[in-house]
Structure formats: C-alpha cells, structure tokens
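Summary of the model geometry
The chain contents come next:
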Amino acid sequence: MILVVGATGVVGREVVAQLLEAGEDVRALVRDREAALSPQVKVVQGDLGDRESLAAALSGVGKVFLLTTGGPETPLHDANLATTAADAGVEHIVKLSIIGAEYGFSDLVSTWHLAGERTLRQIAARPGGPAWTFLRPGEFMSNARLWAGQIKAQGKVFWANTAPPVAVVDPRDVAALAVTVLTTPGHDGKTYRFGGPEALTVAERVGKIAAALGKPIELVDVPVAALLDAVKKAGRQPLVVETTLGNLGREEFRIQARKVLPVFAEVAGRQPRTFDDWLAAHLDIFR
C-alpha cells in the first residue's frame, strides 16, 4: 500500500493517477473526505498536524509520497509524518522538496523544506526508521497558468524578473519521477535535483503560448512588489510566486535554475517533456 499525502494538488493527482496506472494499491490522505479522486483510491481523512489521524492513515502502509504545502508548518508536518510512519513500520518516504534545498538558498520556502529533509534523515537514522528519497525539482511549467487571466482579458502578461532562463519542468514528470522511486529499488538515501529539457525565459514561454494561440501577446515587465500585490488582490497564495521571483533576482539561483540536467532521464528512463508538450495539453486554459 502506498499513501499519497497531498493527493489533490497538481503533482499529487498525477502521482495517484500514475500509481494506479502502474497497478499499485493507493491510499490518499485528504482534509476533505469529499475530495474528487478516482474510486480506485482509498481515501482517508486526516491532517499532518494531527498525529492521531496520521496513525490511522499509515496503518498497513509500506511507502509514502509526502507533499507538504511549503508553509511555515512544513518542518513540523514532515516530523509528524516521519515519526508516525516509523511507529507504523513504513519502509520508505519520498518527499517532494525544492531546488533551494539542493543549494542551501535562504528564502523561507527552501529553508522550511530543508528543515523537513533534515528531520526525515534524523528519524531514518533511528532503528527501524523509514528510508528516504528527496525530489528537488525547479520551477514548474504549470506556473504559466498564472498568466491565463491576463492573456484572455488583455492579451498581455505582466510578470517580473523575466530575463533569466529557467529549465522549467512538467508536473507530470515530477510525478513520474516520484512513481519511479516509489515502485523500483535503488533509491534509498538519494536526492534527485532535476528539471526540464530546455532553459526558457518568460519571453520565450509567452512566445510559445502566443504562437499556439495564433495571436500576439505583449509581455510587460513589472516590479516584483507590484506583481505580488496583484497576486494578493486576485486571492492567490503569493508565497510560491514571491519565492520564485525573489530567487530569480539572485545570481546563484539564476545559474542553477538554467541548468539542463540528465537526472530525470537517468532515473525515469526517458527524456522529460518539453514546454511545448505541456502547452499542447493545457492550451485551453489560455483561450
């Protein structure tokens, strides 16, 4: 049995779907029992802040895919999951982390995930502790969804720090790597820093969307503060946007984020999807 924590998110849903496709027995930990998931999935209600609910969710589980939200509770939630998993006899935890944990970046999200990783390492070192694997992807291609409303309403994209190229990664590939690690041997105690197959600037990504739609899209470079204010007013969670844009202003991050790495192909056994592949599957959101 594999427990998926974070099963209703962009990556978590793909992990569930791909595990089911691989013939695995899947259980999903959700806060809302009415979450729309495949009827093949065993849904359990619980919270990473509630160890009693975690104990019930982890009963009979052999492996866990752990996706925490990236908030300040991340280290505590990772500790709760890992400690309870050790008590339940779980063999392996695969944590979705972040690029910043690879290079020790000082932004909040990176430090929270790195603290969570350290906790998992410590618990794994105890007798009977579960093995761990950390996945450290870069920016997701799906962040382009944030431009959809602007494109449809004004034919424009307002964004900040648009010049640095980034090897953005398809969330389906993030899930594919997680499923590979969960279902094949040889990944205990390893960290996988990976990304997509090409480094693209925001202008290049917007250009691809424009070409696919067959209409021009103007890219407007705005200050980070103004963009974050707009994100907040739109009712969106600005933390991930703030982390991405803030890091793109740092030279070390720009150097690391543009790297096209062989890791995904080496582990998953195929090349990662391109931005064009992602766009072809999601073009309707920009129409």
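Scroll up for the structure.
Quick look at the structure, then. (Residues numbered from 1 in each chain as written. Predicted model: local features only at pLDDT ≥ 70, side-chain atom pairs only at ≥ 80, totals over all residues. Heavy atoms only, no water.)

Evaluation of the coordinates by the stated rule reveals seven aromatic pairs. With 4.3 Å between their ring centres and 15 degrees between their planes, tryptophan 132 and phenylalanine 134 make a pair best called stacked. With a centroid separation of 5.8 Å and an interplanar angle of 75 degrees, the aromatic rings of tryptophan 147 and tryptophan 159 are classed as edge-to-face. Here tryptophan 147, found in the loop between strand E6 (131-137) and helix H6 (148-154), pairs with tryptophan 159, found in strand E7 (residues 156-159); they are twelve residues apart in sequence, far enough to count as distant. Judged by its relative accessible area of 2%, tryptophan 147 falls in the buried class. Its relative accessible area of 7% is what places tryptophan 159 among the buried residues. Pairwise contacts between aromatic rings join Tyr103, Phe105 and Phe253 into one cluster. (Phe/Tyr/Trp six-rings, centres within 6.5 Å; stacked < 30°, edge-to-face > 60°. Helix = DSSP H or I, 4+ residues; strand = E, 2+ residues; numbered from the N terminus. Buried < 20%, exposed > 50% of the residue type's maximum accessible area, 1.4 Å probe, protein only.)

This next bit is on the nonpolar core. By size, the foremost hydrophobic cluster in this structure holds 34 residues, and its most contacted members are Trp147, Ile151, Ile209, Ile217, Phe275 and Phe286. Elements supplying a minimum of two residues to this core: helix H4 (99-103), helix H5 (108-124), H6, E7, helix H8 (202-213), helix H11 (251-257) and helix H13 (275-282). Sorting elements by how many residues they give to this core places H8 first, with five residues. For isoleucine 209, the contacting residues outside a window of four places in its chain are Trp147, Ile151, Ile217, Phe275, Leu279 and Phe286. With 30 residues, the next largest nonpolar core counts Ala7, Val15, Phe194 and Phe264 among its residues. (Core = buried A, V, L, I, M, F, W, Y, C linked by side-chain atoms within 4.5 Å. Contact = heavy atoms within 4.5 Å.)

Attention now moves to empty space enclosed by the protein. Within the structure shown, the criterion is met by two cavities of 30 Å³ or more. Residue lining of the largest cavity: Ile99, Gly138, Glu139, Val166, Ala167, Arg193, Phe194, Gly195, Phe253 and Ala257, and that is the complete set. Secondary-structure elements contributing two or more residues to the lining of the largest cavity are strand E8 (190-194) and H11. (1 Å grid on protein atoms, 1.4 Å probe; cavity = no way out; pocket = protein on both sides within 12 Å on 5 of 7 lines; lining within 4 Å. Points joined across faces, edges and corners; volume = space filled by probe spheres on them.)

Spatial relationships are all this shows, so hold off on functional conclusions.
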